[in-house]
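A look at the structure
What follows is each chain in one-letter form.
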Amino acid sequence: MEEPSANIFDIQKFSIHDGPGIRTTVFFKGCPLHCLWCHNPESHTAAPELFFTAEKCTGCGTCVRACPAGAHALTPAGLHTLDRSRCTRCGRCAEQCPAEALALCGRTMQLSEVLSEVRKDRAFYENSGGGMTLSGGEPMAQFPFVRALCEAAKNAPGIPHIALETCGFAPEAQFRELLPWVDLFLFDIKTLLPEKHLRYTGVPLAPILDTLRFLDQAGATLALRCPLIPGLNDTEEELQRIAGLADGLSHAQSIDLEPYHPLGEAKSVRLGRTPAYTAPFPPRDYAQRIRTWLQPRTHLPVRLA
């Protein structure tokens, strides 16, 4: 029987914001949502993608010689150009770039590879109450692998806790299958205004709320993860809706606020795209002010993620 595999774009060690304790977070490529402000735009598609950081390029021409598809070229002035329509994402240019101006984002990993990498830090999990978190992108977009990984991790020694961060846009039956293995669902709430949700994420809100209610009724432990995007979803009306949603759930343990980070803007440029949303860092006290306003309006603890 062939071993399950998945497209992974990062495995982050010593994560402290993706569930309790010290964790290893596995980031999956591919997502059904395309949020305008996404700080991981490299996760939108399941296939590998090529990062190019122009500031690092020395114009040495190594990539030109390495690329079998002729996607790279140098102008007479020695400036690098990249024709992404010709790029096959083989990664040979990134492997040979001496300045590390090129990097291939995403690779296929076998289940045993991922599990082995996660288990390397089991001593940290045991001492802190941590474990493994699956994130993305959207892990449920690669559900067969996620199910197999969760089951294997639960049965492997040294991984006491499994968390899954999800947008909730996946079949209910798939979430039902994960209930025996996942200890905590980090459930993303982008906006609770249906028209705005469709406009900013590309998918309807109703199926996501159906998933949330199913998980709550099934007794799953939940934490609401709420990105704060200045001027888009941080109004008092939006925050009051979050409080109302949270207070209607029986198994939610917290509301986690995630202030906007412009990291995705630079990543989009490195992917050859125009950023869909641009904004500076919010003021230093931005998230704390929202937390102070929201906390008296819900019985759940409001935390800054």
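What counts and how
- Residues numbered from 1 in each chain as written.
- Predicted model: local features only at pLDDT ≥ 70, side-chain atom pairs only at ≥ 80, totals over all residues.
- Heavy atoms only, no water.
- Axes fitted to C-alpha atoms, helices over the stretch in contact; angles between N-to-C directions.
- Helix = DSSP H or I, 4+ residues; strand = E, 2+ residues; numbered from the N terminus.
- Parallel < 35°, antiparallel > 145°, perpendicular 65-115°, else oblique.
- Left-handed = near helix turned anticlockwise from the far one by under 90°.
- Contact = heavy atoms within 4.5 Å.
- Nonpolar A, V, L, I, M, F, W, Y, C, P; charged D, E, K, R; others polar.
- Phe/Tyr/Trp six-rings, centres within 6.5 Å; stacked < 30°, edge-to-face > 60°.
- Buried < 20%, exposed > 50% of the residue type's maximum accessible area, 1.4 Å probe, protein only.
- Lys NZ or Arg CZ within 6 Å of the ring centre and 35° of its normal.
- Arc of directions from axis to C-beta.
- Pairing = 2+ DSSP bridges.
- Polar contact = N/O pair within 3.5 Å; in protein donor to acceptor, adjacent residues only side chain to side chain.

At their nearest, the axes of helix H3 (residues 111-119) and helix H5 (residues 143-155) sit 10 Å apart, and the two run at 45 degrees to each other. Regarding the angle of H3 to H5, the classification is oblique. Viewed along their axes, H3 and H5 form a crossing whose handedness is right-handed. Contacts between H3 and H5 involve Leu111, Val114 and Leu115 from the first element and Phe145, Ala148, Leu149, Ala152 and Ala153 from the second. Residues of the contact of H3 with H5, tallied by class, amount to eight nonpolar, no polar and no charged.

It is worth spelling out the packing of aromatic side chains at this point. Under the criterion given, the structure shown has six aromatic pairs. Their ring planes at 75 degrees and their centres at 6.2 Å tell us that Trp37 and Tyr200 sit as a pair that is edge-to-face. Residue Trp37 is located in the loop between strand S2 (23-28) and strand S3 (49-52), and its partner Tyr200 is located in helix H7 (residues 194-201); the two are separated by 163 residues in the primary sequence. The exposure classification of Trp37 matches that of Tyr200, with both residues buried. Centroid distance Tyr260 to Tyr277: 5.3 Å. Interplanar angle 85 degrees. Geometry classified as edge-to-face. In this pair, Tyr260 sits in the loop between strand S12 (252-259) and helix H10 (263-270) while Tyr277 sits in the loop between H10 and helix H11 (286-294), placing the two residues 17 residues apart along the sequence. Note on Tyr260: relative accessible area 5%, which makes it buried. For Tyr277, a relative accessible area of 14% translates into the label buried. Note that Arg199 overlies the ring of Tyr200, its terminal NZ or CZ placed 5.0 Å from the centroid.

An α-helix turns once every 3.6 residues. As a result, residues three or four positions apart point the same way. Considered for burial, the residues of H3 that qualify are Leu111, Val114, Leu115 and Val118. One side of H3 holds all its buried residues, which, seen down the axis, span an arc of 95 degrees. Those residues of H3 that are buried lie in contact with strand S1 (5-15), S2, strand S7 (107-110), helix H4 (122-128), strand S8 (131-136) and H5.

We now examine the sheet that holds S12. Pairing within the open sheet is mixed, and its nine strands lie in the order S7-S1-S2-S8-S9-S10-S11-S12-S13. The outermost strands of the open sheet, each flanked by one partner alone, are S7 and strand S13 (302-304). Ignoring strand direction, the axes of neighbouring strands in this sheet form an average angle of 30 degrees. Where strand S11 (residues 222-228) lies against S12, seven bridges are found, and the strand directions are parallel. Bridging from a neighbouring strand, Pro227 pairs with Glu258 of S12. On top of the sheet, H3 reaches S1, S2, S7 and S8; it is set at about 80 degrees to S7, its chief contact. On top of the sheet, H5 reaches S1, S2, S7, S8 and strand S9 (162-166); it is set at about 170 degrees to S8, its chief contact.

For the rest of this paragraph, the subject is the environment of Arg84. The residue Arg84 is located in the loop between strand S5 (80-82) and helix H2 (92-96) in this model. For Arg84, a relative accessible area of 31% translates into the label partly exposed. Sequence separation of Arg84 and Leu215 is 131 residues, and the distance between their C-alpha atoms is 41 Å. Looking at Arg84, its side chain comes within polar contact range of the main-chain oxygen of Arg270, at 2.8 Å.

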